[in-house]
Amino acid sequence: MTAPTISRLFSRGITRTLLTPHPVEHYVRSLGVTWSDDPTGATVVAVDRPVADVTVITLRLPAGVDRPAPGAALEIGVVVDGVVHRRHYSPVDSASRSDGLATIAVRRHPGGVVSEHLWSEASPGMRLLLGNPVGEVTLPEARPTDVLLVSGGSGITPMLSIASTLAGEGHCGDGSAGRVAWLHYARRVEDVPFRDRIRELSRAGVEVRVVPTADVNPSDSSDLSDSSDPSPRGPAGHLTAGHLDEVAPWHADATVFLCGPEGLADGLADALGAERYADVLRERFTASNGPVPEGDGGTVTHVKSGVSAHNAGTTLLEGAEAAGLSPKHGCRMGICHTCTAVRVSGATRDLRTGEVDTEPGCLVQICVSAPVGDVEIDI
Amino acid sequence: MTLLQLPTIRSKKPKAEKTAATAPDPVVLSAESVEIIGRELDAIRDRVVADLGTADRDYILRVVRTQRRLELTGRALMFLGFLPPAWLAGVAALSASKILDNMEIGHNVMHGQYDWMRDDMLHSSSFEWDNVCPSDQWRHSHNYMHHTHTNILDLDRDIGYGILRMEYEQPWNPLRLGNPLYAFGLMMAFEWGVMLHDLEYDNVLKGKRKWSDVKGLLAGWWGKMRGQVAKDYIVHPALTGPLFPLTFAGNLTANLVRNVWAFSVIFCGHFPSGAQVFTQEETAEETRGEWYVRQMLGSANISGSPFMHLATGNLSHQIEHHLFPDLPAHRYPEIAEEVRALCEEHGLPYTTGPLWKQVANVWSKMFRLALPLPPTPADTPAVLIERRKMTPAA
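Residues numbered from 1 in each chain as written. Chains lettered and ligands numbered in written order. Predicted model: local features only at pLDDT ≥ 70, side-chain atom pairs only at ≥ 80, totals over all residues. Heavy atoms only, no water.

Right, let's get into the overall build of chain B. Assigned secondary structure in chain B consists of 15 helices and four strands. For chain B, the residues scored as buried account for 57% of the 394 residues in total. Surface accessibility of chain B: about 16300 Å² in total, with carbon and sulfur atoms responsible for 67%. Distance between charge centres in chain B, computed from 39 positive and 44 negative side chains, equals 6 Å. (Helix = DSSP H or I, 4+ residues; strand = E, 2+ residues; numbered from the N terminus. Buried < 20%, exposed > 50% of the residue type's maximum accessible area, 1.4 Å probe, protein only. Areas by Shrake-Rupley, 256 points an atom, 1.4 Å probe, with all protein chains shown as cover. Lys, Arg positive; Asp, Glu negative; His and termini not counted. Charge placed at Lys NZ, Arg CZ, Asp CG, Glu CD.)

Our focus in this paragraph is the packing of aromatic side chains. Under the defined criterion, the tally for this structure stands at 11 aromatic pairs over all chains. Arranged with centres 6.0 Å apart and planes meeting at 65°, the rings of Tyr-292 of chain B and Phe-324 of chain B form a pair that is edge-to-face. Taken together, the residues Tyr-292 of chain B in helix α11 (residues 288-298) and Phe-324 of chain B in the loop between α13 (318-323) and α14 (332-345) connect sequence positions 32 residues apart. Just as Tyr-292 of chain B is buried, Phe-324 of chain B falls in that class too. An aromatic cluster is present here, built from Tyr-161, Phe-190, Phe-263, Phe-267, Phe-271 and Trp-363 of chain B joined pairwise through their rings. The ring centre of Tyr-27 of chain A lies 4.8 Å from the NZ or CZ of Arg-68 of chain B, which sits over that ring. (Phe/Tyr/Trp six-rings, centres within 6.5 Å; stacked < 30°, edge-to-face > 60°. Lys NZ or Arg CZ within 6 Å of the ring centre and 35° of its normal.)

All names here are of chain B. Axis separation between helix α4 (residues 84-110) and helix α10 (residues 244-267) bottoms out at 8 Å; the angle between their running directions is 40°. In terms of their interaxial angle, α4 and α10 are classed as oblique. Here α4 runs over α10; the crossing is right-handed. Here Trp-87, Val-91, Leu-94, Ser-95, Lys-98, Ile-99, Asn-102 and Met-103 of α4 lie close against α10, whose contacting residues are Leu-246, Ala-249, Gly-250, Asn-251, Thr-253, Ala-254, Asn-255, Val-257, Arg-258, Trp-261, Ala-262 and Val-265. (Axes fitted to C-alpha atoms, helices over the stretch in contact; angles between N-to-C directions. Parallel < 35°, antiparallel > 145°, perpendicular 65-115°, else oblique. Left-handed = near helix turned anticlockwise from the far one by under 90°. Contact = heavy atoms within 4.5 Å.)

For the coordinates displayed, the defined rule picks out 45 salt bridges over all chains. Across the salt bridge formed by Glu-207 of chain A and Arg-209 of chain A, the nearest N and O atoms sit 3.2 Å from each other. Accessibility expressed as a relative area gives 35% for Glu-207 of chain A, which makes it partly exposed. Residue Arg-209 of chain A is classed as buried on the basis of its relative accessible area, which comes to 11%. In this structure, the salt-bridge partner of Arg-75 of chain B is Asp-232 of chain B, at a minimum N-O distance of 3.0 Å. Here Asp-232 of chain B lies in helix α9 (residues 211-239) and Arg-75 of chain B lies in helix α3 (residues 54-77), a separation of 157 residues in the sequence. For the pair Arg-75 of chain B and Asp-232 of chain B, one class covers both residues: buried. Here the salt bridges share partners, and the residues they tie into one network are Glu-71, Arg-75, Lys-98, Asp-130, Lys-231 and Asp-232 of chain B. (Salt bridge = Lys/Arg side-chain N within 4 Å of Asp/Glu carboxyl O.)

All names here are of chain A. Among the seven residues in strand β5 (residues 101-107), six count as buried, and that is most of the element. Where strand β2 (residues 54-60) and β5 come together, seven bridges link them in antiparallel fashion. When the bridges of β5 are listed, Arg-60 appears paired with Leu-101. (Pairing = 2+ DSSP bridges.)

Bringing the sheet that holds strand β11 (residues 281-282) of chain A into the picture now. All names here are of chain A. Reading across the sheet, the five strands line up as β9-β8-β7-β10-β11 and stay open at both edges, with parallel pairing between neighbours. Edge positions in the sheet fall to β9 (207-212) and β11, since each has one partner strand and no second. With five bridges connecting them, strand β7 (residues 146-152) and strand β10 (residues 255-259) associate as parallel partners. Along β10, the bridge assignment pairs Leu-149 with Phe-257. Running at roughly 155° to β10, helix α8 (residues 262-272) makes contact with β7, β8 (179-186), β10 and β11 of the sheet.

Taken as a whole, chain A is organised into domain 1 (3-130), domain 2 (146-282) and domain 3 (298-377). When each unit is reduced to the centre of its C-alpha atoms, the spacing between domain 1 of chain A and domain 3 of chain A is 30 Å. (Domains from an automatic or database assignment.)

Here the focus is the side chain of His-147 of chain B. Tracing the sequence through the fold places His-147 of chain B in helix α5 (residues 135-148). A polar contact of 3.2 Å, which involves the side chain of His-147 of chain B, links it to the side chain of His-111 of chain B. A distance of 3.2 Å separates a polar atom in the side chain of His-147 of chain B from a polar atom in the side chain of His-321 of chain B. Setting aside its immediate chain neighbours within four residues, His-147 of chain B contacts Ile-335 of chain A together with His-111, His-142, Trp-291, Gln-295, His-321, His-322 and Pro-325 of chain B. (Polar contact = N/O pair within 3.5 Å; in protein donor to acceptor, adjacent residues only side chain to side chain.)

What follows concerns the sheet that holds strand β1 (residues 41-48) of chain A. Residue and element names in this part refer to chain A. In spatial order, the strands read β4-β3-β6-β1-β2-β5; together these six strands make up an open sheet with antiparallel pairing. The strands lining the two open edges of the sheet, one partner per strand, are β4 (83-89) and β5. Along the sheet, successive strands turn relative to each other by an average axial angle of 40°, direction set aside. Relative to β2, β1 is paired through five bridges, and the arrangement is antiparallel. Residue Val-44 lies in a different strand from β2, and its bridge partner there is Leu-59. Lying on the sheet, helix α4 (residues 113-121) is in contact with β2, β3 (74-80), β4, β5 and β6 (127-130); it crosses β3 at an angle near 75°.

Take the environment of Gly-207 of chain B next. Residues and elements named next belong to chain B. Within the secondary structure, Gly-207 is located in the loop between α8 (201-205) and α9. On the accessibility criterion, Gly-207 (56% relative accessible area) is exposed. Between the C-alpha atom of Gly-207 and that of Arg-65, which follows or precedes it by 142 residues, the distance is 46 Å.

Turning our eyes to something else, we now look at the interface of chain B and chain A. With 48 residues of chain B at the contact, the number on the chain A side is 34 residues. Taken over both partners, the interface formed by chain B and chain A buries close to 3400 Å², and the fraction arising from carbon and sulfur atoms is 58%. Considering only the side of chain B, the residues that lose the most area to chain A are Arg-68, Arg-118 and Met-121 of chain B, jointly responsible for 21% of the buried surface there. Inspection of the chain B/chain A interface yields five salt bridges. With its nearest N and O atoms 2.6 Å apart, the salt bridge here joins Arg-29 of chain A to Asp-119 of chain B. Across the chain B-chain A interface, the total number found is 15 residue pairs in polar contact (both at pLDDT 80 or more). (Buried area = accessible area lost by both parts, 1.4 Å probe.)

As a further point, take unusual backbone geometry. Cis geometry is adopted by the peptide bond preceding Pro-21 of chain A, which originates at Thr-20 of chain A and carries an omega value of 5°. Locating Pro-21 of chain A in the fold gives a position in the loop between α2 (13-19) and α3 (24-30). In this model, His-337 of chain A sits at a positive phi of 65°, which is unusual for a non-glycine residue. Positive phi is not limited to glycine here, since Arg-118 of chain B has a value of about 55°. Relative to the helices and strands, Arg-118 of chain B is located in the loop between α4 and α5.

Attention shifts here to the side chain of His-337 of chain A. The residue His-337 of chain A is located in the loop between α10 (316-322) and β14 (340-350) in this model. Residue classification places His-337 of chain A among the buried residues on the basis of a relative accessible area of 4%. A polar contact is formed between the side chain of His-337 of chain A and the side chain of Asp-115 of chain B, at a distance of 3.1 Å. Residues in contact with His-337 of chain A, not counting those within four places in the same chain, are Gln-365 of chain A together with His-111, Gly-112, Asp-115, Ser-124, Arg-139 and Asp-326 of chain B.

Next up on the list: α5 of chain B. Counting buried positions along α5 of chain B gives 12 out of 14 residues, so the element sits mostly inside the fold. Tucked into the core, α5 of chain B has its buried residues touching α4, α7 (190-196), α9, α11 and α13 of chain B.

Written out as structure tokens, the structure is:
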């Protein structure tokens with residue numbers, strides 16, 4: 001982008017001073033101005049629910065906010081019952097899309113606050129909060145010649161972005177030097193969203209297989225077996241070395257991307273061998289609220305100081321002090337908010353209300369919070 | 001927990017004997033009552049916490065929107081500052097904006113009242129207010145020092161801010177003659193006084209604070225002060241070109257109005273007759289219930305209309321605020337009825353009164369305390385707390 005956008009202009013010195021101490025974005029948000037440059041929000045322009053449990057949302061990104069690189073995710077904030085819940089979703093469309101739109105797919109989880117809310121509430125015009133894009137692995141600027149994508153379940157989304165980008169760039173297919181193969185694992189083929197898109201990718205030269213892992217019926221091993229599908233039959237069941245050889249016999253030299261559950265990762269590690277597996281670029285599922293263990297206490301990892309210690313169920317503050325740390329604190333009774341720190345992962349209990357909270361990346365008061373299971377805290 | 005019933009021994013000198021005859025006998029609050037009160041208050045807190053949701057979010061966002069509109073209106077009117085009514089309206093809008101930003105938004109957000117929303121815009125860990133005091137220093141001097149140690153002599157630095165004599169227990173010396181004068185100065189420059197609060201200058205003078213303790217504060221002051229001063233006294237006046245002096249004066253006036261208002265409201269919170277002070281000995285190893293009771297007895301409310309409550313950031317419900325400093329302040333009016341009933345049930349005073357009366361009360365106290373006079377009946381403690389001493393937590 002050559003011309004400075006309004007928000008960039010406004011974030012410069014003089015305007016900052018004019019409005020100090022509140023950032024420009026806060027004025028925009030709190031005044032309810034629908035300003036396309038507001039970098040903290042995005043507007044929903046279309047909503048689709050193609051399969052029984054996936055909400056597909058197309059967002060208009062604010063001018064000046066770039067699409068995340070292929071494979072990376074947008075941070076989306078959704079307000080449910082007054083509380084902002086943040087989740088990460090990879091856009092599923094090509095990174096070269098230039099109309100300022102980005103499409104995300106949200107799979108419903110039973111009891112999932114955000115996914116259920118978007119399933120029932122998302123509609124055009126809705127405003128979602130926007131954070132910084134995140135991603136552990138993205139498609140490198142210098143595209144690898146051969147690419148093998150392996151995904152499972154919700155891991156489909158970053159792979160769609162990578163595959164669409166490569167296909168859009170003419171990286172694979174007739175007359176091109178590169179090869180791209182993609183194995184996507186799902187319990188049943190009919191649960192997989194974006195099958196039309198997958199077919200398009202297939203036609204564009206991506207060796208793609210949707211592999212059912214459950215309820216395999218040989219006569220119905222792939223829902224993609226319509227006339228337009230160049231590969232009516234494919235592998236089935238959990239990942240094996242045979243699957244890789246069948247779809248990408250050349251995979252020994254390929255750059256491998258993985259996004260999926262642990263079981264899939266284990267399968268890939270077995271198929272590739274430890275040495276090859278070490279080079280796999282793995283996008284982790286952004287820690288969704290996992291199961292909460294029974295009873296308080298667990299291993300607390302203090303991320304900043306690198307100290308890990310067992311906490312039998314006392315407060316995180318006392319635990320840190322027992323481990324030799326001296327985190328910032330004040331009242332020790334939950335009223336002054338000086339000890340607030342980021343709980344990177346894991347569950348904590350508010351000892352005053354008894355409530356357990358598992359949302360990743362949230363700020364907690366360590367003087368009144370005890371770990372429930374293993375916890376990572378940014379102190 | 002071992003129960004060791006200890007009647008509280010007041011540290012007050014028997015100097016008060018002369019007046020004791022005329023003062024009503026203090027209420028003695030039993031240790032059982034303290035515990036019951038603590039449980040009831042915890043129940044109120046739990047109920048409100050469980051009920052927080054969309055309405056509370058909408059409320060605070062509405063207040064923020066109003067504040068921003070008032071601010072922009074005030075700034076815009078300064079361009080018409082050559083018309084006296086426009087200048088006055090501009091000052092009024094800016095003053096109102098600064099009062100809202102200071103009281104109902106800044107003070108309350110920095111208490112963590114809206115942290116549960118997990119919204120970066122209104123989270124205590126990142127919020128900055130339209131005030132020269134950096135928010136992290138405020139959270140230390142106010143949220144921690146004042147709210148944890150409310151009305152404990154020599155611990156709660158809000159008792160006189162290190163410069164005023166606000167209680168008889170603070171010893172008199174000839175410098176105290178300037179008490180009302182110092183108070184007036186503090187009132188006019190309140191935001192600057194608040195900024196200096198965390199410095200504990202008296203402890204620096206006494207050599208109790210080292211340069212290294214102070215050094216960390218300076219960078220924060222400089223950063224905050226620079227932006228605030230540049231905004232109100234350079235950039236906005238300069239934008240209005242030839243109207244520079246008028247805009248400058250308008251912004252200065254708005255800051256003064258906010259200072260006087262904030263000072264008045266805040267001084268009504270703990271110093272009117274009826275609010276008790278405590279010693280470190282009698283508050284050592286407090287139980288939850290004892291902590292609650294101290295908050296109630298040490299605070300005083302201001303009665304008035306909903307508009308008044310908004311303008312004070314609901315610090316007109318100082319008692320409820322001190323019991324539940326991190327519950328959204330607009331919930332205090334609904335909580336107040338229950339708290340008041342609880343006080344009545346246990347024979348405890350619930351100090352409240354209209355603003356003018358409380359302000360007059362506080363100022364008259366500041367004048368009286370400038371002199372070495374004996375305490376009046378109104379200054380004797382109304383409640384003696386029977387303590388249930390806890391053994392240190394195992």
